[in-house]
Every structure is written in structure tokens, then in C-alpha cells.
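# Inside the fold
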Amino acid sequence: MAGKTLYDKLWDLHVVSQRDDGSALIYIDRHIVHEVTSPQAFEGLRLAKRKPWRVDSVVATPDHNVPTTSAERANGIAGIADPTSKIQVQTLDDNCDELGILEFKINDQRQGIVHVVGPESGACLPGMTIVCGDSHTSTNGALGALSIGIGTSEVEHVLATQCLVAKKMKNMLIRVDGELGLGVTPKDVVLAIIGTIGTAGGTGYAIEFGGDVFKAMTMEGRLTVCNMAIEAGARAGMVAVDATTLKYVKDKTFAPKDEAWDMAVAQWNQLHSDNDAMFDEVVAIDGALIEPQVSWGTSPEMVVPVTGKVPNPVNEVDEVKKTGIERALEYMGLKADQAISDIHIDRVFIGSCTNSRIEDMRAAAAVVQGRQKAASVKEAIVVPGSGLVKQQAEAEGLDKIFVAAGFEWREPGCSMCLAMNADRLNDGEHCASTSNRNFEGRQGYGGRTHLVSPAMAAAAGIAGHFIDVRTMGEVQ
Amino acid sequence: MRAFTQHTGLVGPMDRANVDTDLIIPKQFLKSIKRSGFGPNAFDELRYLDEGSPEKPNEGRPINTEFPLNLERYQGASVLLTRKNFGCGSSREHAPWALDEYGFRAIIAPSFADIFFNNCFKNGLLPIVLPEDTVEQLFAEMYAQEGYRLTVDLAQQVVVKPNGETLTFEVDEFRKHCLLNGFDDIGVTLRDADKITAYEQARKQTAPWLFNFGA
């Protein structure tokens, strides 16, 4: 019999009951909740007169709607200018208070983007099943966990039953071997992967990221990669537990301590695919060939190296793809065959659950240090992923570096990644963004998003257009 | 949940691949704490020529007359015909809520994004996967014939064309069962409460650190 994949092991550990039709009841260890996808779930529980199955498995924080300017943030919920946003954040507080759910409220130091808060607090741990009403929940798989995004009905289902009804996904291994070049980051790796397999390439699969590049990658880099597994269509992305994982998790607030730690580590050390494990699909990519990436279109698969050009639809044989390219060029206001370095930008956004951790802040700060934002760039905002990231960055003086370069230093939240708060693009504006989706209108009505790494976003902010960060001298 | 058994309705097009949930219902509408009210803003950025917002009445907004679903011939469409990877992106269940409220009962595509696909079943909206060439053929027939209608029979797992030809589709047994009967799946799961408790008791022994969070 073939060995088990990491996903097989995580699945088997959590099966409560296997049904005849192939679906199973899967036990959920941790449920992360935010304000946008939960109110209807709590309301559903109330209407059905149901109680949460296990309140101590839930942790909540508001992130999508919270303002990021210090002025608006200073007065907490009362300070939120948008009345509908205010109600939504207040509703989360009310639901958590009523049910006794642990919540990091708006101005709690531990507040932040759910997928940043989970790992940094130790609320998300290796070996766990983790859900959240948010597709980027795949992030936590970097810890060697099975972590998936769910809809609001499933949020209600997990609150009420501690279980998810699921069918086992297929196994995909994405191997990236070799060594990354200087200036090439985890974001570039995952964008290159999506460019290779497409936004539906991982549909129906749980993806394990393996090979030299992920073994050598920091925990924060792995979180960035797994975050975007959903952009390749996969609900779950994951990386095997190793010394890097254990070092990251140790001493986190909610991580097990003392004897429980030793007991946990003994189990977590099993969380890797067996040597003879069978994958339904294996994709191999040479890490040494990956260059800094820039998305040019309206889907994360529409991505090319910074040294490349915008594609020309005449070269596409597939009719559906061809019209997709034509539509994207029109929406983005770009010409076929235009050099990526000729795309001028209006705004810079450094943040989001993909790239708002301390290493991202450091990478961007290293590029802007001693330089100035281009005059043609209207605004460059840096939004740390949590209060704790913000605190750490300020302790290192990164905030001062950004401000000196003409970048704004903000309060934590999802911000311009999806523009549910006041941070957004205007019609027609191009943005160098470290977020995860370049869909039409995502960052604001008519906004044009280009997905890049923190270093590349910072570099574009300095140059006023996309530029290969590797040509700018000292980079990490 | 509303049951789905059989439905006959006018077919309307969303003729592009990779339609994401931001396109189905833009984020400004997600601030609502209700399950309803999203229908008038389904495909908002394509339907109207200006930017919509929850505070803005839709009456009087400029209509995009080139958007196919706005054409007279597709008014009242209840079967959405679209391309691969429909519903990709965000997990927002507001997307199926919006499509349901718009009037769609079934969506036909060569493939769907996983989370969206799942969310549809929770809301009595049936996503149907058919082969790409079959979908291509349906597009051709729909464009050629005004008033093109399809019948979807969930029990038989067939889509019936106007000429009587049937197209079979696959559907998960448990999901089919819930949808046909309009079952609330929380109720179904809670029938296994003893099993969940037993699992929990065993896990408390082997992995106690999972059970003292926030203590």
C-alpha cells in the first residue's frame, strides 16, 4: 500500500464519520470569524434556537471594514465614518459578547487580518483543521494544517456542529526545486505557479508545496504562498512541518507549553508526506528560472516576469482565452506587446493577508530606504497585517523609513485589498499592489490592479512605473 | 432550505470564463448583515454604467444596454449559461444569494470554483457541470433561438433540451438528497451528535492542547 500524503494524514485525523456516498463529517479544531461573512450565520443560529457547539474553538477579529487612518481609528467603532461598515463591526462585537467568543476588537493590539492574526497568536497550529468564512483561509496550511475557506452557511454549520460535511479532495504536489535568485520572493514564486497552472489548475485539489524552495523558505514566506493557493483554484494549500515550523510556533501565545508542547511536537513531526505517497497530480517548476512577477490583467493567472511584455491576443489560439485577453487589455488600458516596465502607476498598496507580515514590511522598507516616492505616484500606503506587526515594525523603525520616503504608515486591516473601507482606487488608476486579486473593480470601481511582491511594489512607488527590483542595487 | 426538484426556464448568458464573485456581487454590498437584498445588484458593474452602492437606489441608474442579461429577450431568465471556473475568488455566499434573488435556479458551466459550488447547494441553487463542447453547443442554440428554454430534472439528473434531447449530469448523492428534500444540513449533521461527542472525547486524550484555547 502506498504511503500517505500530508493531506491524507490531516484528513484521516479528523474524520468523525464516513458516509456511504463518499462524504464525511470532518471535525474542525479552530474556527476564525470576521465581521463580513458571520452576521447571517449568527442570525441563522438564533432563528433555529441553536447554540454554538464549542465556543472555545472560535476566535474573532474585525478586519475587512476597519478604517486604517489613525484619525478614523482613534475612536474605535464610533469613529468608523461609513454607517453600514460601523453596523457590521458592531454586530460582530455583539455576537461575540453574547456568546462568549474570544474577539480581538477593533483597537486591541492583537487585532488584525484574520490570516495574519491566526498564525501569529498561535490560534492556528500544525495538525489542526481550521476554517474561516474567507477564501484566503488556505494561508494557515503553511503550518502543516488543513485550512479551508467556507461560505456563510458553512460558518453556521461549523458553529452549530463543530463539523464540516466534506468530500475528500485530490492530492496535488507542486515541487519547486533549485534556488531562488536574488530579489525573487515567495510572492513571485506563487504568482509564477498560478501563471503556470492557471486559476482553475488546483480546483478539486489540496495542494502541497514541496521541494528545495519551500524547505528553505521562512514561515512567513510559506504563509504568502499558501494564501494564494485559492488563486490557483485550490481550497487548501499546505507545507510539511519541519524545524522552521516548530521554531515559528514555539512560544506563541496560544501554542501548547511544557509537556503539552513535547506531546504536540511528537505528533507534528509526523506531518509530512510519506516518501512513497501517491499524488494525483505533480507539477515541477525550476525555482532558479523564476523572476520577479507582475500581473498585467484581470485574473491572477495573467502574470509575466517584470522583464516581459503584455501579451498579444493574436498569439492565442483558444477563442475563449483570446477574448479574455482582449477584454482584460481594454479594462486595464494596456496595449498588446507593451513592456511591463512601461506601465506607470498611480498608487501603491503594501498590505493584505498575502503580504503584510513583518518580513514583508522589512522587504519594502529596504527598497525605499533613502529614496523618495515618485512625484507622479499619488499615494503609497503601507498597511501592517496586525497590531502586533505594526508594533514590531515601529520598534525596528520601519515606519519612519516609509514616512521619510513619502509612503503612508497605516493602522492594520484588509484595506485596499478589497476596498470595503475607505482605501480604494479611483476609476482608471493603476496600482502596484501586494494583494492577491486583480479582478475588475476589486480595489475600487474601474481600478487597475497589478499584483507584485512587497519589494516590487516599493520599487514601483519609487520609480513611478514597474521596474526590476534586482536592478536597483541593495535588495534582500 | 427551499427544495429543488424540477425546473423549466429561460436560458440567459454570461458568456465569459473565470467569472469571479467580485463580479457577481461587488464588495460594497457585502456590508449588509442580512441574507437578502442582493438581487438588484447582481453583476452590478456589468449591468449598470455607473458605480452602485448600498445607499444608492437602483431606479434611475444608467443601464448598460450592451450587457446581454439586460436585453429584452433574456428578461426572466432563470437558467444561467456560462463558461469555465464560474464563481472563482472570494468565498462570499452573497454571490449565490444575489443570483438566487435575481431569479436564477440553476447554473450550467463546464466547471465551477469549489467554494462557490458548495455555497450554491446551501441555497437551493443548482450548479450543473456539463462538458465544454456541450456548453458550447448550448450557447450556439441559445443565441440562435429566442426564448430558448431548458428543463432541469434533479431526480433524473438530466437537462432536457427543447427538442427533447437529454443531457445527463453528475451530482453528489448527499447534496442531491438535501436539495430534493430541502433539508437543513445542520439538522442532518446533528443526528450524528453522539459520534461528534465521541470523537471529541477521544481527541481530548490524544491532543489535549486543542481544547483549552483562550483559557
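Above this text is the structure in question.
Residues numbered from 1 in each chain as written. Chains lettered and ligands numbered in written order. Predicted model: local features only at pLDDT ≥ 70, side-chain atom pairs only at ≥ 80, totals over all residues. Heavy atoms only, no water.

Moving on to the overall build of chain B. Looking only at helices and strands, chain B features 8 helices and 7 strands. Its C-alpha atoms give chain B principal-axis dimensions of roughly 65 × 45 × 25 Å. Across the 215 residues of chain B, 60% fall into the buried class. Put simply, 63% of the contacts in chain B that link residues at least 6 apart link residues at least 24 apart. Working note: accessible area of chain B is about 8600 Å², and carbon and sulfur atoms make up 49% of it. The centroid of the 23 positive side-chain charges in chain B is displaced by 4 Å from the centroid of its 30 negative side-chain charges. (Helix = DSSP H or I, 4+ residues; strand = E, 2+ residues; numbered from the N terminus. Buried < 20%, exposed > 50% of the residue type's maximum accessible area, 1.4 Å probe, protein only. Contact = heavy atoms within 4.5 Å. Areas by Shrake-Rupley, 256 points an atom, 1.4 Å probe, with all protein chains shown as cover. Lys, Arg positive; Asp, Glu negative; His and termini not counted. Charge placed at Lys NZ, Arg CZ, Asp CG, Glu CD.)

Right, let's talk about the overall build of chain A for a bit. Each helix and strand counted, chain A has 16 helices and 19 strands in total. What you see for chain A is a C-alpha radius of gyration of 21 Å, in line with the 23 Å of a compact globule of 476 residues. With the C-alpha coordinates aligned to their principal axes, the bounding extent of chain A is approximately 55 × 55 × 45 Å. Per-residue burial for chain A yields a buried fraction of 67% across its 476 residues. Summarising the internal contacts of chain A: among those between residues at least 6 apart in sequence, 76% fall at separations of at least 24. (Rg over C-alpha atoms; globule rule 2.2 N^0.38 Å.)

This part takes up helix H4 (residues 83–99) of chain A. Residues spaced three or four apart along an α-helix point in a common direction, a consequence of the helix completing one turn every 3.6 residues. Residues and elements named next belong to chain A. Look at H4: 24 Å from first C-alpha to last across 17 residues, which is about the 24 Å you get at 1.5 Å a residue. For H4, the set of buried residues is Ser85, Gln88, Val89, Thr91, Leu92, Asp93, Asn95 and Cys96. Gly100, located one to two residues past H4, shows a positive phi value of around 80°. (Expected span 1.5 Å × (residues − 1).)

Right, let's talk about the pattern of salt bridges for a bit. Residues and elements named next belong to chain A. Tallying each qualifying case throughout the model produces 43 salt bridges over all chains. When the shortest N-O distance is used, the salt bridge between Arg347 and Glu379 registers 2.8 Å. Taken as a pair, Arg347 in strand S15 (residues 347–350) and Glu379 in strand S16 (residues 379–382) lie far apart in primary sequence, 32 residues in all. Each member of the pair Arg347 and Glu379 is classed as buried. A salt bridge links Arg470 to Asp468; the shortest N-O distance between them is 2.8 Å. What makes Asp468 buried here is its relative accessible area of 12%. (Salt bridge = Lys/Arg side-chain N within 4 Å of Asp/Glu carboxyl O.)

Residue and element names in this part refer to chain A. Within the secondary structure, Arg73 sits in helix H3 (residues 70–73). Buried Arg73, no salt bridge; nearest opposite-charge side chain is Glu411, N-O distance 5.1 Å. A distance of 3.1 Å separates a polar side-chain atom of Arg73 from the backbone oxygen of Ile106. Those residues in contact with Arg73, other than ones at most four positions away along the chain, are Val66, Pro67, Thr68, Ile106, Asn107, Gln111, Glu411 and Pro412. (Polar contact = N/O pair within 3.5 Å; in protein donor to acceptor, adjacent residues only side chain to side chain.)

In short, shape yes, function no, at least from these values alone.
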